[in-house]
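These are the residues of each chain, in order.
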Amino acid sequence: MSEVLLYALSFALSIAVPATIVRRDLKRLSGERLARSWPDASVWSAVVVFGPLCLPVHFLRTRRNWAGLGLAVFWLVCAVLLISLPVDGLARLFGIGE
């Protein structure tokens, strides 16, 4: 039963974390960068299907420069950590994977 909980948590975080990052970034964009971003339905499709892997595409698509690449790598690493650390912590708490 605890494996199911860990899988569900991982699945939920794989959607919630990238969605939060992308929506936060979209609120800060303006002008040409905002025009290059995904439409709302495409954002949700990309987040649900690709999870954290949609972050590099988002930042490279909206920035189109080296700073965008840096942001893409930074937020991808942050998202992976924000997803994996709680799941790994609960796995240790439940004694799974030892």
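All figures in this text were calculated on a predicted structure; none of them were measured in a lab.

Chemist: Let's hear about unusual backbone geometry: which residues, and what values?
Modeler: At Arg 64, a residue that is not glycine, the phi angle is positive and equals roughly 55°. Relative to the assigned elements, Arg 64 resides in the loop between α4 (54–63) and α5 (66–94). On the basis of relative accessible area, Arg 64 is assigned to the exposed category, the value being 59%.

Chemist: Could you give me a rundown of the pattern of salt bridges, with the residues and numbers involved?
Modeler: Here the structure, examined in full by the defined rule, presents three salt bridges. Two residues, Arg 63 and Asp 25, come together in a salt bridge whose shortest N-O distance is 2.7 Å. Of this pair, Arg 63 sits in helix α4 while Asp 25 sits in helix α1 (residues 2–28), and the two are 38 residues apart along the sequence. With respect to class, Arg 63 is no different from Asp 25; both count as buried. Between Arg 36 and Glu 32 there is a salt bridge, with the nearest N and O atoms lying 2.8 Å from each other. Highlighted residues: Arg 36 and Glu 32, both in helix α2 (residues 31–36), separated by four residues, approximately one helical turn. A residue is classified by how much of its surface remains accessible, and Arg 36, at 15% relative accessible area, is buried. Residue classification places Glu 32 among the exposed positions, given a relative accessible area of 59%.

Chemist: Describe the environment of Leu 81, naming the residues involved and giving the relevant values.
Modeler: By the secondary structure assignment, Leu 81 is in helix α5. Exposure remark for Leu 81: the relative accessible area of 43% places this residue in the partly exposed category. With 60 residues separating them in the primary sequence, Leu 81 and Ile 21 have C-alpha atoms 13 Å apart.

Chemist: If you had to explain the nonpolar core to someone new, which residues and values would you point to?
Modeler: Among the nonpolar cores identified, the biggest contains 23 residues, and Val 17, Ile 21, Val 43, Val 47, Leu 55 and Phe 59 are the most heavily contacted of them. Going through the elements one at a time, α1, α3 (40–50), α4 and α5 are the ones with two or more residues in this core. For this core, the element with the most residues is α1, which contributes eight residues. Those residues within four positions of Phe 59 in sequence are excluded, and the remaining contacts are Ile 21, Asp 25, Arg 64, Gly 68, Leu 71, Ala 72 and Trp 75.

Chemist: How would you sum up the state of the cysteines? Please name residues and give values.
Modeler: One pass over the full model with this rule turns up zero disulfides. This cysteine, Cys 54, is not joined by any disulfide, and Cys 78 carries the nearest cysteine sulfur, 14 Å off.

Chemist: How would you explain the packing of α1 against α4 if you had to name every residue and give the values?
Modeler: Packing of α1 against α4 leaves a shortest axis separation of 10 Å and a crossing angle of 10°. The angle between α1 and α4 falls in the class roughly parallel. Taken as a pair, α1 and α4 cross one another with a handedness that is right-handed. Of the residues in α4, those in contact with Pro 18, Ile 21, Val 22, Asp 25 and Leu 26 of α1 are Cys 54, Leu 55, His 58, Phe 59, Thr 62 and Arg 63. Here the contact of α1 with α4 is composed, by residue class, of seven nonpolar, two polar and two charged.

The rules behind the values
Residues numbered from 1 in each chain as written. Predicted model: local features only at pLDDT ≥ 70, side-chain atom pairs only at ≥ 80, totals over all residues. Heavy atoms only, no water. Helix = DSSP H or I, 4+ residues; strand = E, 2+ residues; numbered from the N terminus. Buried < 20%, exposed > 50% of the residue type's maximum accessible area, 1.4 Å probe, protein only. Salt bridge = Lys/Arg side-chain N within 4 Å of Asp/Glu carboxyl O. Core = buried A, V, L, I, M, F, W, Y, C linked by side-chain atoms within 4.5 Å. Contact = heavy atoms within 4.5 Å. Disulfide = S-S within 2.5 Å. Axes fitted to C-alpha atoms, helices over the stretch in contact; angles between N-to-C directions. Parallel < 35°, antiparallel > 145°, perpendicular 65-115°, else oblique. Left-handed = near helix turned anticlockwise from the far one by under 90°. Nonpolar A, V, L, I, M, F, W, Y, C, P; charged D, E, K, R; others polar.

Purely spatial values, then, with no claim about function.
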